[in-house]
Amino acid sequence: MIDRNKDPKFAVSRDRAREHVQLSLNIQLLDGISGFKGVRTTSVNKEPLIIYDLNGQELFYEFDIIEEGKIVGSAKASADRSVGSTVPQIKIGPRKWNSNIASSKAEDEAKKKFPGSRIIKSELVCYCYPKIGVRVYLDDPNAGETSLIFDVGSYSIVEPEETIGAIGSIAYSYLDEIASAEILQRERRWELQDRLLAQVKAETPNFLEGGMELRDLKDIGIAKILSANAVYQPNKADISTVVAPISFISQRVIKFCKHCTTHDCFALHAQKTDTHCAVASGQMLLDFYRYYYTQDQIATEMGYIPGAGCYIDGIVDGLENLTHNCMNIVLDSSPTWSSAAAEINQNRPLMTTIPGHARTCFGWKRANIWAVSTPRPLWLYILDPWLWNA
């Protein structure tokens with residue numbers, strides 16, 4: 001018997017998660033964050049998608065970000081305090097998959113695998129952060145109760161174990177494999193961020209309303225509320241702004257030409273197959289430096305293994321070969337936010353890897369005002385090649 005839907009150990013209510021998302025979005029609007037430029041107002045839907053961890057617990061609530069009735073993005077909020085960040089991901093642009101269609105397709109595929117079986121239920125699952133699949137629970141006369149996971153984009157089956165060490169395809173529990181290693185720190189981080197929400201809710205509740213115009217958000221004066229119980233650590237470059245209002249957030253994104261302000265100098269490339277994430281991320285890096293190759297050409301140079309992905313050494317060698325050794329690719333085996341930000345400050349995009357997945361980083365963001373006793377909020381701007389063929 002499979003243990004389905006285990007109760008979360010450190011549950012977060014949907015309403016509380018929604019408030020955290022709205023607070024985060026309104027702060028983004030105030031400072032004209034990259035990706036939100038031109039957006040004047042946002043609201044969050046009340047009924048999120050529930051995304052489960054591979055261990056059966058609720059992991060994320062994914063809310064739609066709405067502007068004037070149109071979905072313009074999505075935000076993942078923590079359903080469990082042990083995730084750490086209250087809002088670990090904000091994605092720009094409408095979702096490129098449909099949960100109802102994906103669930104229906106997955107159930108059809110599951111029945112093909114186990115003819116004569118009975119579908120018990122299906123649910124969304126984060127099988128390799130941030131990749132999402134549909135987990136189908138079924139009861140088979142021969143195999144008994146079992147489950148299968150299908151990627152929401154390709155509807156291909158996700159195997160629990162793939163080629164060890166390859167970046168491209170793997171399945172693991174986020175809560176058991178990632179969060180559990182530093183659970184006390186992560187819980188503390190969530191609690192401190194929640195205190196900030198409680199303060200805002202108590203003193204400027206209007207700031208948490210959705211659909212407010214930018215000018216109205218500015219009139220609320222949340223900066224004064226936060227500054228009363230916040231810290232600000234100016235850098236040397238900030239000294240000239242002491243007499244001026246302090247922005248909530250500083251940010252930087254790469255520019256091919258440093259004088260360019262009319263458009264973004266980078267573009268997202270979707271991975272061509274379920275396991276082409278490193279290949280597609282490499283394509284984004286190469287494009288920025290004006291080396292144009294197809295994903296098939298890049299895959300060959302990286303030593304891509306069909307159905308598994310690429311090894312780190314192959315990625316490094318492939319990028320150097322494709323640039324005729326004009327690019328010196330450096331592998332950072334102990335990366336930090338600061339080291340990533342340093343690369344962006346030198347106007348160099350970078351590839352980031354997390355267990356089983358690769359993405360491209362093109363910018364950073366950091367808070368200038370944050371609550372006492374909390375870590376300084378830091379973010380990276382990520383171009384994620386998943387969803388397959390999107």
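Predicted model, so just to flag it, every value in this text is computed and none were measured.

**Some points on the side chain of Glu123**
Here's step 1: Topologically, Glu123 is positioned in strand 6 (residues 118–128).
Here's step 2: One polar contact links Glu123 to Lys121, side chain to side chain, over a distance of 3.4 Å.
Here's step 3: A polar contact is formed between the side chain of Glu123 and the side chain of Tyr137, at a distance of 3.2 Å.

**A word on the environment of Arg95**
Here's step 1: Here Arg95 is to be found in the loop between strand 5 (89–92) and helix 2 (99–113).
Here's step 2: Judged by its relative accessible area of 22%, Arg95 falls in the partly exposed class.
Here's step 3: In the structure, Arg95 is positioned 31 residues away from Asp64 in sequence and 8.5 Å away in space, judged by C-alpha atoms.
Here's step 4: In this structure the side chain of Arg95 is engaged in a polar contact, spanning 2.9 Å, whose partner is the side chain of Asp64.

**Description of helix 10 (residues 337–345)**
Here's step 1: Every buried residue of helix 10 is accounted for by Trp337, Ala340, Ala341 and Ile344. Buried residues in helix 10, looked at end-on, bunch into an arc of 100°, giving them a common side.
Here's step 2: At its buried positions, helix 10 is contacted by strand 11 (249–253), strand 13 (350–354), strand 14 (357–367) and strand 16 (378–383).

**Details of the packing of helix 7 (residues 277–288) against helix 8 (residues 295–302)**
Here's step 1: At their nearest, the axes of helix 7 and helix 8 sit 9 Å apart, and the two run at 110° to each other. Between helix 7 and helix 8, the crossing angle belongs to the class labelled roughly perpendicular. Of the residues in helix 8, those touching helix 7 at Ala278, Val279, Ala280, Gly282, Gln283 and Leu286 are Gln295, Ile298, Ala299 and Met302.
Here's step 2: A class-by-class count of the residues in the contact of helix 7 with helix 8 yields seven nonpolar, three polar and no charged.

**Observations regarding the state of the cysteines**
Cysteine pairs can be covalently joined through their sulfur atoms, and such a bond is termed a disulfide.
Here's step 1: Inspection of the entire model under this criterion finds zero disulfides.
Here's step 2: In this structure Cys128 is a free cysteine whose sulfur lies 7.6 Å from that of Cys126, the closest cysteine sulfur available.
Here's step 3: Note on Cys128: relative accessible area 0%, which makes it buried.

**Quick notes on the packing of aromatic side chains**
For any pair of aromatic rings, the description consists of the separation of the ring centres together with the inter-plane angle of the planes.
Here's step 1: Scanning the entire structure with this criterion turns up six aromatic pairs.
Here's step 2: With 5.8 Å between their ring centres and 75° between their planes, Trp337 and Trp364 make a pair best called edge-to-face. With Trp337 in helix 10 and Trp364 in strand 14, this residue pair connects regions lying 27 residues apart in the sequence.
Here's step 3: A residue is classified by how much of its surface remains accessible, and Trp337, at 19% relative accessible area, is buried.
Here's step 4: Relative accessible area serves as the criterion here: at 6%, Trp364 is assigned to the buried category.

**As for helix 2**
Here's step 1: With 15 residues, helix 2 extends 21 Å from end C-alpha to end C-alpha; this agrees with the ideal 21 Å at 1.5 Å per step.
Here's step 2: Within helix 2, the full set of buried residues consists of Ser99, Ala102, Ser103, Ala106 and Ala110. For helix 2, the angular spread of the buried residues around the axis is 95°, confining them to a single face. Opposite the packed face of helix 2, turned more than 90 degrees from it, sit the exposed residues Asn100 and Lys112.

**Regarding the pairing of strand 4 (residues 70–78)**
Here's step 1: Pairing analysis gives eight bridges linking strand 3 (residues 58–67) to strand 4, with the strands arranged antiparallel. Counted as the bridge partner of Phe63 is Ala75 from strand 4.
Here's step 2: As consecutive antiparallel partners, strand 3 and strand 4 are separated by two residues, and within that stretch Glu68 has a phi angle of approximately 50°, a positive value.
Here's step 3: With four bridges joining them, strand 4 and strand 5 adopt antiparallel strand pairing.

**A closer look at the confidence of the model for the chain**
Here's step 1: Residues at a pLDDT of 70 or more form 83% of the chain, whose mean pLDDT is 85.
Here's step 2: Mean pLDDT per element in the chain: strand 10 (residues 230–231) is the minimum at 46, and helix 8 is the maximum at 97.
Here's step 3: When the criterion is pLDDT under 50, residues 228–244 qualifies, and its contacts beyond four places in sequence or with other chains add up to 18 contacts.

**A short note on the pairing of strand 6**
Here's step 1: Here three bridges tie strand 2 (residues 49–53) to strand 6, and the two strands are oriented parallel to one another. For Ile51, the partnering residue across the bridge sits in strand 6 and is Leu124.
Here's step 2: Sheet analysis places strand 6 next to strand 7 (residues 131–140), joined by nine bridges and oriented antiparallel. Within strand 7, the position partnered with Arg118 by the bridge is Asp139.
Here's step 3: The antiparallel pairing of strand 6 with strand 7 creates a hairpin that spans two residues between the two strands.

How each quantity is defined
- Per chain, residues are indexed from 1 in the order of the written sequence.
- Two thresholds apply to this predicted model, a pLDDT of at least 70 for residue-level local features and 80 or more for giving and counting side-chain atom pairs, whereas whole-chain, interface and lining totals are computed over all residues.
- The basis for every side-chain value is the complete set of heavy atoms in the structure, and neither hydrogens nor water enter the calculation.
- Elements are defined by DSSP. Helices are runs of H or I of four residues or more, strands are runs of E of two residues or more, and each kind is numbered from the N terminus.
- Identification of polar contacts relies on pairs of N or O atoms within 3.5 Å, with a donor-acceptor requirement for protein atoms, meaning one able to donate a hydrogen and the other able to accept it, and with residues adjacent in sequence counted only if both atoms are side-chain atoms.
- To sort residues, take the accessible area from a 1.4 Å probe on protein chains only and compare it with the maximum for the residue type: under 20% means buried, over 50% means exposed, and anything in between is partly exposed.
- Working definition: the arc comes from the directions between the helix axis and the C-beta atoms, pointing outward to the latter.
- We call two residues in contact whenever any of their non-hydrogen atoms come within 4.5 Å of each other.
- An axis is simply a line fitted to the C-alpha atoms; with a helix, the fit covers only the stretch in contact. Between two such axes, the angle follows the N-to-C directions and lies from 0 to 180 degrees.
- Under this scheme an angle from 65 to 115 degrees is roughly perpendicular, one under 35 degrees roughly parallel, and one over 145 degrees roughly antiparallel; angles in between are oblique.
- Under the convention adopted here, Pro, Cys and the residues Ala, Val, Leu, Ile, Met, Phe, Trp and Tyr are nonpolar, Asp, Glu, Lys and Arg are charged, and Gly plus all remaining residues are polar.
- Our working definition of a disulfide is a cysteine sulfur pair at a distance within 2.5 Å.
- Two aromatic rings from Phe, Tyr or Trp, using only the six-membered ring of Trp, form a pair when their centres are within 6.5 Å; if the ring planes differ by under 30 degrees the pair is stacked, by over 60 it is edge-to-face, and anything between is tilted.
- Here the expected length of a helix is defined as 1.5 Å per residue gap, with one fewer gap than residues.
- Strand pairing is assigned whenever DSSP identifies at least 2 bridges connecting the two strands.
- As a per-residue measure, pLDDT tells how confident the predictor is, with possible values from 0 to 100.

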